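Letter by letter, the chains look like this.
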Amino acid sequence: MSISVKNLSKHYGQQKAVNQISFDAKPGRILGFLGPNGAGKSTTMKMLTGYLQPTSGNAEIAGKDIEVEPLEVKKQIGYLPENTPLYIDMYVREFLSFVAQTYGLSDIAKRVEEVIQQVGLTQEQHKKIGMLSKGYKQRVGLAQAIIHQPQVLILDEPTSGLDPNQLSDIRALIKNLGKDRTVIISTHIMQEVEAICDDVIIINKGVLVANSSIDELKKAHQNKTLEQIFKQLTL
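Since the model is a prediction, treat every value here as computed from it, not as a measurement.

Caption draft 1: Layout of the overall build of the chain. Across its full length, the chain holds nine helices and ten strands. For a compact globule of 235 residues, the expected C-alpha radius of gyration is about 18 Å, and the chain comes in at 18 Å, within 12% of that figure. A principal-axis box enclosing the C-alpha atoms of the chain has dimensions of 50 × 40 × 30 Å. Here the chain holds 235 residues, and the buried ones make up 49% of them. Sequence separation of 24 or more characterises 66% of the internal contacts of the chain that already satisfy a separation of 6 or more. For the chain, the accessible surface area stands at approximately 11,400 Å², while carbon and sulfur atoms represent 46% of it.

Caption draft 2: The arrangement of the pairing of strand β10 (residues 207-213) in detail. Sheet topology places strand β9 (residues 199-204) next to β10; six bridges connect them, and they run antiparallel. Bridging from a neighbouring strand, I201 pairs with N211 of β10.

Caption draft 3: View of the side chain of T49. Turning to its location among the elements, T49 is positioned in the loop between α1 (41-48) and β4 (56-61). Engagement of the side chain of T49 in a polar contact is seen with the backbone oxygen of M45, the distance being 2.9 Å.

Caption draft 4: Structural view of the pattern of salt bridges. Under the definition given, this model contains ten salt bridges. Residue R111 pairs with E114 through a salt bridge whose shortest N-O separation is 3.1 Å. Note that R111 and E114 are positioned in helix α4 (residues 108-119) at a spacing of three residues, about one turn of the helix. The class for R111 is buried, based on a relative accessible area of 9%.

Caption draft 5: Local environment of the sheet that holds strand β7 (residues 152-156). Judged by pairing direction, the sheet is mixed, and its six strands sit side by side in the order β6-β7-β8-β3-β9-β10 without closing on themselves. Strands at the two margins of the open sheet, each flanked by one partner only, are β6 (77-80) and β10. Taken pair by pair, the neighbouring strands of this sheet meet at an average axis angle of 15°, ignoring direction.

Cut-offs applied
Residues numbered from 1 in each chain as written. Predicted model: local features only at pLDDT ≥ 70, side-chain atom pairs only at ≥ 80, totals over all residues. Heavy atoms only, no water. Helix = DSSP H or I, 4+ residues; strand = E, 2+ residues; numbered from the N terminus. Rg over C-alpha atoms; globule rule 2.2 N^0.38 Å. Buried < 20%, exposed > 50% of the residue type's maximum accessible area, 1.4 Å probe, protein only. Contact = heavy atoms within 4.5 Å. Areas by Shrake-Rupley, 256 points an atom, 1.4 Å probe, with all protein chains shown as cover. Pairing = 2+ DSSP bridges. Polar contact = N/O pair within 3.5 Å; in protein donor to acceptor, adjacent residues only side chain to side chain. Salt bridge = Lys/Arg side-chain N within 4 Å of Asp/Glu carboxyl O. Axes fitted to C-alpha atoms, helices over the stretch in contact; angles between N-to-C directions.

Shown next as structure tokens:
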């Protein structure tokens, strides 16, 4: 398993933001991570990426324990947070070169060129990031997340606010990236999950309430839509 989570918890005093959740994510399969606002999705993602320390439980990324080998774990992860932190006064190519340098990559120019082509930024590469549309900014965010060729991608609301054309392009890009990686996507858009994901987990009030393939989940709920199942499990 590229990601293995066992009884992971994060408590803030008496508040149990995440409470003993366990799940696995496999290479070549895209996992949709669902839940209402405040359910614990972003907290879980921040623990997996090393931004937050768990209260208890453990998780492994590509065989590395997130607390025992945090730096090795971070080398294996590409992370796209909900609000992508980009340097808007930098040019696209300049920014990606900077990110590549922070990872200590060799032959930076070649790798930057590969990523620019992969995410469809060829026509925008000499523009300042602040001048780009939201869709192209998302592409820059994805480019920085994959530039070091991580085994695992964790994407928090990667298609939020995109128009239908941008949405289609980013969906196709994520599907392509997921062919040889483990990908976790957090989103509120059920159609997004059905279009992109193979498996799904649903968290509610910090507790895992569903964990299966989308087909198995629908079958277990009399072939209801994913939106109907989500409402049933989280209301």
